[in-house]
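Below are the chains, spelled out letter by letter.
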Amino acid sequence: MHQALTLLGAPAAPRLIGSVHAAFFSGDIAGGRLTSLRRDEERSFRTAPYARPYYLCAALTADLLAPARGLLTVSTWPLERRIVGPLSPRTDFLTSAIRLAEHAGRGTPSPDVQRLLWRFASNIPGAVTDTVGTVDPAVLAEAAREELDVHLEADRRRRASAAGRARERLDDAERLFGSRLRALHESGTRRAATGETDR
């Protein structure tokens, strides 16, 4: 799992992590394991902080610094990479497409890798030039880079700003797994300001 996330190089959902692991590495990852993984990792870290070289942890939302639903990251990544803002889903998708294409381009992609690359290519303008289901890794990487250049700087600024707040406000565990209390508090503040109430 760590191998798959490292290859992707960006926050990812368990389903994508499992697909990447199955395509590029040996063996499958049990879906049930991914479901409870983040909670188990947080419990392990809080029991013995930094006892292991890395932890699989949550991505953090740029606005609330809360756990981003369904996105996993690696604790050793820079905080800016573990935060997701409004543009991050697209920039992360493009970043992962580039990394997977470059890795696949070092050899002859297997059918599983081709299927995975096709999933990315079919959502990136200019990435599909061959027959349906077949992708040239070099073309995919170039098309992804061209679009990434459009969004990257704005996304970086948002992530850097959020990372600065996280370093000021969160403790070590919260920087890895998010601050649920802060999310609830700020959500409550917004409801009060707009006159909304829980039903």
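Residues numbered from 1 in each chain as written. Predicted model: local features only at pLDDT ≥ 70, side-chain atom pairs only at ≥ 80, totals over all residues. Heavy atoms only, no water.

Engineer: In this structure, what is going on with the packing of aromatic side chains? I would like to understand it.
Structural biologist: Two aromatic rings, taken as a pair, are described by how far apart their centres are and by the angle between their planes. Taken as a whole, this structure holds 4 aromatic pairs when the rule is applied. Relative to Tyr-50, the ring of Phe-45 lies with its centre 5.0 Å away and its plane at 80 degrees, an arrangement referred to as edge-to-face. On the accessibility criterion, Phe-45 (2% relative accessible area) is buried. Since its relative accessible area comes to 52%, Tyr-50 is described here as exposed. When the ring of Phe-45 is compared with that of Tyr-55, the centres are 5.2 Å apart and the planes differ by 85 degrees; the resulting orientation is edge-to-face. (Phe/Tyr/Trp six-rings, centres within 6.5 Å; stacked < 30°, edge-to-face > 60°. Buried < 20%, exposed > 50% of the residue type's maximum accessible area, 1.4 Å probe, protein only.)

Engineer: What should I look at first to understand the environment of Val-113 in this one?
Structural biologist: The residue Val-113 is located in helix α6 (residues 111-121) in this model. Looking at Val-113, the relative accessible area reads 4%, which means it is buried. With 89 residues separating them in the primary sequence, Val-113 and Phe-24 have C-alpha atoms 6.8 Å apart. Those residues in contact with Val-113 that sit more than four places away from it in its chain are Ala-23, Phe-24 and Ala-104. (Helix = DSSP H or I, 4+ residues; strand = E, 2+ residues; numbered from the N terminus. Contact = heavy atoms within 4.5 Å.)

Engineer: Quick question: what am I supposed to make of the side chain of Ser-96 here?
Structural biologist: As for its position among the elements, Ser-96 is in helix α5 (residues 88-104). Not counting residues up to four positions away in its chain, the partners in contact with Ser-96 are Leu-8, Ala-10 and Phe-120.

Engineer: Which parts of the structure should I look at to understand the packing of α5 against helix α7 (residues 137-169)?
Structural biologist: A pair of packed helices can be characterised by two numbers: the angle between their axes and the separation between those axes. At a minimum axis distance of 8 Å, the contact between α5 and α7 shows a crossing angle of 145 degrees. In the crossing of α5 with α7, the sense of the turn from one axis to the other is left-handed. Where α5 approaches α7, its residues Ser-88, Arg-90, Thr-91, Asp-92, Leu-94, Thr-95, Ala-97, Ile-98, Ala-101, Glu-102 and Ala-104 are matched on the opposing element by Pro-137, Leu-140, Ala-141, Ala-144, Arg-145, Glu-147, Leu-148, His-151, Leu-152, Asp-155 and Arg-159. (Axes fitted to C-alpha atoms, helices over the stretch in contact; angles between N-to-C directions. Left-handed = near helix turned anticlockwise from the far one by under 90°.)

Engineer: What's the story with the sheet that holds strand β2 (residues 67-74) in this structure? I'm lost.
Structural biologist: By definition, the strands of a sheet pair up through backbone hydrogen bonds, in either a parallel or an antiparallel sense. Pairing is mixed across the open sheet formed by 3 strands, whose spatial order is β2-β1-β3. The open sheet terminates on both sides in strands that have one partner only, identified here as β2 and β3 (83-84). For strand β1 (residues 56-61) and β3, the ladder comprises 2 bridges, and the chain directions are parallel. Residue Thr-61 lies in a different strand from β3, and its bridge partner there is Val-84. (Pairing = 2+ DSSP bridges.)

Engineer: Just checking my understanding: could you explain the pairing of β2 for this structure?
Structural biologist: Taken residue by residue, a regular strand's side chains alternate between the two faces of the sheet. Inspection of the sheet shows β1 paired to β2 by 4 bridges, in the antiparallel sense. By the bridge assignment, Ala-58 is partnered in β2 with Leu-72. Following β1, the chain reverses through 5 residues before pairing antiparallel with β2; Leu-65 in that reversal takes a positive phi of roughly 55 degrees.

Engineer: Teacher, can you tell me more about the nonpolar core here?
Structural biologist: Soluble globular proteins tend to bury their nonpolar side chains together. Membership of the largest hydrophobic core comes to 36 residues, with the highest contact counts inside it found for Ile-17, Val-20, Phe-24, Leu-100 and Leu-140. Of all the elements in the fold, those that place two or more residues in this core are α1 (2-8), α2 (14-24), β2, α5, α6 and α7. In terms of residue count, the dominant contributor to this core is α5 (6 residues). In this view, Leu-140 contacts Ala-97, Ala-101, Leu-117, Phe-120, Ala-121, Ile-124, Ala-127 and Val-135; residues no more than four positions away in its chain are not counted. Core analysis: the next-biggest nonpolar cluster, separate from the first, contains 9 residues, Ala-62, Leu-79, Ile-83 and Ala-163 among them. (Core = buried A, V, L, I, M, F, W, Y, C linked by side-chain atoms within 4.5 Å.)

Engineer: Help me understand the environment of Asp-149, please; the structure alone is not making it clear to me.
Structural biologist: Relative to the helices and strands, Asp-149 is located in helix α7. Take Asp-149: its relative accessible area is 60%, and that puts it in the exposed class. Spatially, the C-alpha atom of Asp-149 lies 9.9 Å from that of Leu-94, the residues being 55 residues apart in sequence.

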